[in-house]
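# Structure at a glance
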Amino acid sequence: MHQVTKLHYHQKSKLLDVLFSDDISTSFSAEMLRVLSPSAEVRGHGKPVLVSHKRDVGIKQILPVGLYAVKLVFDDGHNTGIYSWQYLRQLHENREALWQDYLERLQAANSNREATLSFKQL
């Protein structure tokens, strides 16, 4: 199993850089990590839940979980996903197919990636 040796989050671009012990380097958007969260809330119980409207989501906090994973806290309040090194590697190796599947499921549900209506209190 490949360990993660370095994580770096870029707040402006909302990208998480991941470096594995075999010198493979990759980047994930916060949006991808949020919509493909390994949490039970997203994965469901046998049937994955489609998460939409997360194009602008960001990561607020990265918390270590032992020596095998991190817990990501997103600025939309989602905080139940534990991202193991193995899961991050699977995301890296299957990113195109996973993202394409996500986009197709969005389209089939007549939904999109755009943020929902936001409003300010005066």
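Anyway, here's the lowdown on the structure attached to this text. (Residues numbered from 1 in each chain as written. Predicted model: local features only at pLDDT ≥ 70, side-chain atom pairs only at ≥ 80, totals over all residues. Heavy atoms only, no water.)

## Some remarks on the overall build of the protein
In terms of helices and strands, the protein carries four helices and six strands. Overall, the protein shows an N-to-C arrangement of helices and strands of β-β-β-α-α-β-β-β-α-α. Its C-alpha radius of gyration of 15 Å places the protein within 12% of the 14 Å reference for a compact globule of 122 residues. With the C-alpha coordinates aligned to their principal axes, the bounding extent of the protein is approximately 45 × 35 × 25 Å. Counting every position in the protein, which comprises 122 residues, the buried fraction comes to 34%. Residue pairs at least 24 apart in sequence account for 45% of intrachain contacts in the protein once pairs closer than 6 positions are excluded. Each charge sign in the protein was given a centre, from 15 positive and 13 negative side chains, and these centres are 6 Å apart. (Helix = DSSP H or I, 4+ residues; strand = E, 2+ residues; numbered from the N terminus. Rg over C-alpha atoms; globule rule 2.2 N^0.38 Å. Buried < 20%, exposed > 50% of the residue type's maximum accessible area, 1.4 Å probe, protein only. Contact = heavy atoms within 4.5 Å. Lys, Arg positive; Asp, Glu negative; His and termini not counted. Charge placed at Lys NZ, Arg CZ, Asp CG, Glu CD.)

## Description of the packing of aromatic side chains
Under the defined criterion, the tally for this structure stands at two aromatic pairs. Plain terms: the ring middles of Y83 and Y87 are 6.2 Å apart, the flat faces sit at 55° to each other, and that makes the pair tilted. Neither Y83 nor Y87 differs from the other in exposure class; each is buried. A centroid spacing of 5.1 Å and a plane angle of 40° characterise the contact between W99 and Y102, whose relative ring orientation is tilted. One end of the pair, W99, and the other, Y102, are both in helix α4 (residues 95-108), three residues apart, so they sit about a helical turn from each other. In this structure, W99 and Y102 share a single accessibility class: buried. In this structure, R89 is placed above the aromatic ring of F20, and the distance from its NZ or CZ to the ring centre is 4.9 Å. (Phe/Tyr/Trp six-rings, centres within 6.5 Å; stacked < 30°, edge-to-face > 60°. Lys NZ or Arg CZ within 6 Å of the ring centre and 35° of its normal.)

## Topic: α4
Its 14 residues place the ends of α4 20 Å apart at the C-alpha level, agreeing with the 20 Å of an ideal helix rising 1.5 Å per residue. Listing the buried residues of α4 in full gives W99, Y102 and L106. The buried residues of α4 occupy an angular sector of 60° when the element is viewed end-on, so they sit on one face. α4 presents E96, A97, Q107 and A108 as exposed residues on the side facing more than 90 degrees away from its buried surface. (Expected span 1.5 Å × (residues − 1). Arc of directions from axis to C-beta.)

Structural measurements only, silent on function.
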